[in-house]
Amino acid sequence: MQLDSQGIATTLPPGWEGRITRREAPAAAPALGLAPSRVTLGPSGATGERTFPIAHLANFALPEERGDFGSGAVDIMGPGNLFVCLFEYGPESVGTALFAPQGMPRSLTPSQFSPRALQHVIPGQAGFQTFFTEQNRAFCLFVVLGALASAPTLVPSANQVLTGTTVQPR
Amino acid sequence: MSATPSASPLVRLVNRLSGAGSGHPPPEDGPTRRGFLAGMAVAGSALATKPFDFVLKPVSAYASVCGSGASCAEGWSVFCCTINNGQNACPPNSFLAGWWKADNSSFCGGTARYYLDCNAACPTTCTCYCPTGTCDNRRTCCNQFRYGQCHQEIACAGPVVCRVISCVPPWQVDSTCTTVSATDNATASHTAPCVDSSVPPLTNLEPSMLVQHPDGHFELFDVVAGALVQNWQGGGVWSGWRTLDRTHNYVKVRGALTGHDGNIVVVVAATDGDWQFYYDQVGHKWHGPGTL
């Protein structure tokens, strides 16, 4: 299966599914001046917030209600499941120290995964997180294994998906 | 500030909101608006900043104070006020490293609630533990995870020490934070006793007023159980709600104004007696006639 949206393209193996989405940004507030400055915030946050593409790729059925870094999805993972998240940041992040590494890593090793490298610790699971720049776009890659013990089989699957994932320049 | 109320655009706005000139006399038992504005020139009084008294809850209900995911085993990160002497701020040797939000939060008047992660600075000696003593028994220094929108000039970050809570967008709390939004509504109910102690239940959300200063930071006003409340900390992290006035039975917030220089905010609140009361952010108060 192929997905191509928001300048991110991926080819997924059989049994995988994915979403490449971009949340709706909050509506702009009325201009503020001396006039009575009532500002109503919408349900999605504050004026000025910006959203960028997020890709969620998994070898299990993704729930529709997910946090941007996979909460809701990682909670239902079994030991053989794998979750990959690509979260993009704004262009101002390109060139910063955090995003200095160039290119998305596509050859992960089991030793890079840790039970502590998770948004919230779930017993048995292990995660890997890194920040990088590719095609002048700043990203975070976050990969979760359903079980650290399954790393020898899951990590090659993750690498296969990452190898099949490309980022186009903006 | 000079006492030139008749020339002030702010006062003209207050007049407009208050319906001044409509023939209603001011009440006899209180200060007038003009008298108050004159007084502003020579004296300031400290705003009563006593936060809402925390209503002690029976032990059986106490666990619910912290919301979901509060146990150590559930793996979430602890709130900063739980481990940082009650302060809703990053502890020493940690820094704001990123943020996310939960939409439509009752903790923030129905708007977004922001969670700002404090990650340990490198190199870190921070060790993983779960603080006992309150129901916020979430983890500190355990989760090696970074949201990444803040302090991007720092490449290395240790584990999350704790979470700061804010109803103000993070980039107004710390200018190193970008406006790139991350959302996790699964954390919407997470809280802690030290957070709840400063957040009253908002029972009158519809008339709540959010005011944005010219420099971008916000103040929020609301009526809670007849009291006029305010959330403001001069553009820094909002520490929570404080009571502006309980001496009248307030019904709604009618409006709020900012001056050109951003230093003055006036909130106009209506009582059940068809009077409007005006407050500025340094605690001055006056009133006049008005209708709901």
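Look up: the structure comes first, before these words.
Here goes a summary of the coordinates provided. (Residues numbered from 1 in each chain as written. Chains lettered and ligands numbered in written order. Predicted model: local features only at pLDDT ≥ 70, side-chain atom pairs only at ≥ 80, totals over all residues. Heavy atoms only, no water.)

**A look at the pairing of strand β1 (residues 2-5) of chain A**
Residues and elements named next belong to chain A. Selection criterion: Between any two strands, at least two bridges found by DSSP are needed for them to pair. Helix and strand assignments come from DSSP, with helices taken as H or I runs of at least 4 residues and strands as E runs of at least 2, each series counted from the N terminus.
Here four bridges tie β1 to strand β2 (residues 8-11), and the two strands are oriented antiparallel to one another. Considered in β2, the bridge of Q2 is made with T11. Two successive antiparallel strands, β1 and β2, enclose a turn made up of two residues, where Q6 displays a positive phi of approximately 60°.

**Comments concerning the sheet that holds strand β3 (residues 160-166) of chain B**
Residues and elements named next belong to chain B. Using the following cut-off: As a rule, the C-alpha atoms of each element are fitted with a line to give its axis, helices using only the stretch in contact, and angles between N-to-C directions run from 0 to 180 degrees.
Pairing is antiparallel across the open sheet formed by three strands, whose spatial order is β1-β2-β3. Among the strands making up the open sheet, the edge pair consists of β1 (94-102) and β3. Averaged over neighbouring strand pairs, the angle between their axes works out to 25° when direction is ignored. In this structure, β1 lies alongside strand β2 (residues 113-120), joined through eight bridges in antiparallel fashion. By the bridge assignment, S94 is partnered in β2 with A120.

**Concerning the environment of S114 of chain A**
Residue and element names in this part refer to chain A. The cut-off we apply is this: Here, residues are in contact when the closest pair of their heavy atoms is within 4.5 Å. The definition of a polar contact used here is a pair of N or O atoms within 3.5 Å, where within protein one atom must be able to donate a hydrogen and the other to accept one, and adjacent residues in sequence count solely through side-chain atom pairs.
Relative to the assigned elements, S114 resides in the loop between β5 (82-88) and β6 (126-134). When the C-alpha atoms of S114 and L145 are compared, they prove to be 9.4 Å apart, with 31 residues separating the residues in sequence. Those residues within four positions of S114 in sequence are excluded, and the remaining contacts are A126 and G127. Separated by 3.0 Å, the side chain of S114 and the backbone nitrogen of R116 make a polar contact.

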